[in-house]
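# Observations on the three-dimensional arrangement
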Amino acid sequence: MTDNSPDWQDALEPEPPSAATVFGDRLPIVRQFTEHLARHGEELGLIGPLELPRLWSRHVVNSGLVAPLLRPGRVGDVGSGAGLPGLVLAIARPDVHLTLIEPMERRVAWLNRQVDELGLENVDVVRARAEEAKLAGRLDQVTARAVSALRTLIPITSPLLAPGGELLLMKGAGVTGEMGAAEKAIRKFKLQDVDVVVLGEGVVDDVTRVFRARVPAA
């Protein structure tokens, strides 16, 4: 595998001070992952050609902000793609087991390679669409980032959860509008404690918004 560009190092955004705040002593492994993604991400179709100048802030730190919301247990990441947020969360939270669910073979190969190269023992990778994934038991929490609108995402993620399990779906500034459009799905799956958590205020310029909700406990 070759570098996606001979000048990827020049194009890569400098590591922001917020990275140390978000990742603490896990930062060295996050740096390795970020370098791997910068080297090979465009070549493998994992990130677009304009993402290197904002890779740290828009993607890596953005994903890491969700780590404090995870509980020890089994967390699924739907549509893991480049490993955002799944691999980043697995690095940040070694006490949590991440199941990365991704249908595309070349992305699954990338994820498995990163798991091996980064020495992550709390990750397994499942090649499947979320609605077809055969998992060994249901999950305590499910994350997703840049997959689809809530009205589509809720029906494919909620069934993966154990009773009382929690959705943590990363969304953009338009999340309130998405919630309105997803009212039917929210009612159908009887989601409880529905809210939007804003993360990173005072730490990063662009905050992270997470749609959070629980499925019924019984």
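For the structure, check the block above.
We now turn to the structure provided with this report.

Quick notes on the rules
Residues numbered from 1 in each chain as written. Predicted model: local features only at pLDDT ≥ 70, side-chain atom pairs only at ≥ 80, totals over all residues. Heavy atoms only, no water. Helix = DSSP H or I, 4+ residues; strand = E, 2+ residues; numbered from the N terminus. Rg over C-alpha atoms; globule rule 2.2 N^0.38 Å. Buried < 20%, exposed > 50% of the residue type's maximum accessible area, 1.4 Å probe, protein only. Contact = heavy atoms within 4.5 Å. Pairing = 2+ DSSP bridges. Axes fitted to C-alpha atoms, helices over the stretch in contact; angles between N-to-C directions. Salt bridge = Lys/Arg side-chain N within 4 Å of Asp/Glu carboxyl O. 1 Å grid on protein atoms, 1.4 Å probe; cavity = no way out; pocket = protein on both sides within 12 Å on 5 of 7 lines; lining within 4 Å. Points joined across faces, edges and corners; volume = space filled by probe spheres on them. Nonpolar A, V, L, I, M, F, W, Y, C, P; charged D, E, K, R; others polar.

## Some details on the overall build of the chain
Summing up its helical and strand segments, the chain has nine helices and seven strands in all. In terms of C-alpha radius of gyration, the chain reaches 17 Å, essentially the compact-globule figure of 17 Å for 218 residues. The principal-axis extent of the C-alpha atoms belonging to the chain is close to 50 × 35 × 30 Å. A burial count over the chain gives 51% of its 218 residues as buried. Long-range pairs, those at least 24 residues apart, make up 71% of the contacts in the chain between residues at least 6 apart in sequence.

## Notes on the environment of Pro155
Mapped onto the elements of the fold, Pro155 is located in helix α7 (residues 150-157). Measuring from C-alpha to C-alpha, the distance between Pro155 and Glu131 comes to 8.6 Å, with 24 residues separating the pair along the chain. When near neighbours in sequence (up to four residues on either side) are disregarded, Pro155 contacts Leu150, Ala185 and Phe189.

## A few points about the sheet that holds strand β7 (residues 208-214)
In spatial order, the strands read β3-β2-β1-β4-β5-β7-β6; together these seven strands make up an open sheet with mixed pairing. Looking along the sheet, the strands with just one partner apiece sit at the ends: β3 (123-127) and β6 (192-199). On average, adjacent strands in this sheet sit at an angle of 20 degrees to one another, irrespective of strand direction. Sheet topology places strand β1 (residues 74-78) next to strand β2 (residues 97-102); five bridges connect them, and they run parallel. Its bridge partner lying in β2, Arg74 is registered against His97. Contacts from helix α6 (residues 105-117) reach β2 and β3 within the one sheet, and its direction differs from that of β3 by about 170 degrees. Together, β1, β4 (139-145), β5 (161-171) and β7 form the strand contacts of α7, whose direction differs from that of β5 by roughly 150 degrees.

## Points about the pattern of salt bridges
For the structure on display, the rule yields 13 salt bridges. The closest approach of N and O atoms between Glu117 and Arg113, which form a salt bridge, is 2.6 Å. With Glu117 and Arg113 both in helix α6, this residue pair falls four residues apart, about one helical turn. By relative accessible area, Arg113 is classed as partly exposed at 28%. In this structure, Glu166 engages Arg212 in a salt bridge whose closest nitrogen and oxygen atoms are separated by 4.0 Å. Of the two residues, Glu166 is situated in strand β5 and Arg212 in strand β7; the sequence distance between them amounts to 46 residues. Counted as one network, the salt bridges with shared partners bring together Arg71, Glu166, Asp195 and Arg212.

## Let's talk about the pairing of β3
Pairing of β2 with β3 involves five bridges; the strand directions are parallel. Following the sheet pairing, Ile101 is matched in β3 by Val126.

## Describing the layout of surface pockets
Looking at the largest pocket, its volume works out to about 830 Å³. In this structure, the largest pocket is lined by 33 residues; those nearest its centre are Arg58, His59, Asn62, Arg145 and Ala146. Looking at the lining of the largest pocket, the elements with two or more residues in it are α4 (55-64), β5 and β7. At five residues, the largest contribution of residues to the lining of the largest pocket is made by α4. Partitioned by chemical class, the residues of the lining of the largest pocket number 14 nonpolar, nine polar and 10 charged.

## A few points about unusual backbone geometry
With an omega dihedral of 10 degrees, the bond running from Leu84 to Pro85 counts as a cis peptide bond. Tracing the backbone shows Pro85 in the loop between β1 and α5 (86-92). Of note in this structure, Lys190 is not a glycine but carries a positive phi near 55 degrees. Considering the arrangement of structural elements, one finds Lys190 in the loop between α9 (183-188) and β6. Residue class for Lys190 comes out exposed when judged on its relative accessible area of 59%. Phi at Asp193 takes a positive value of approximately 50 degrees, unusual for a residue other than glycine.

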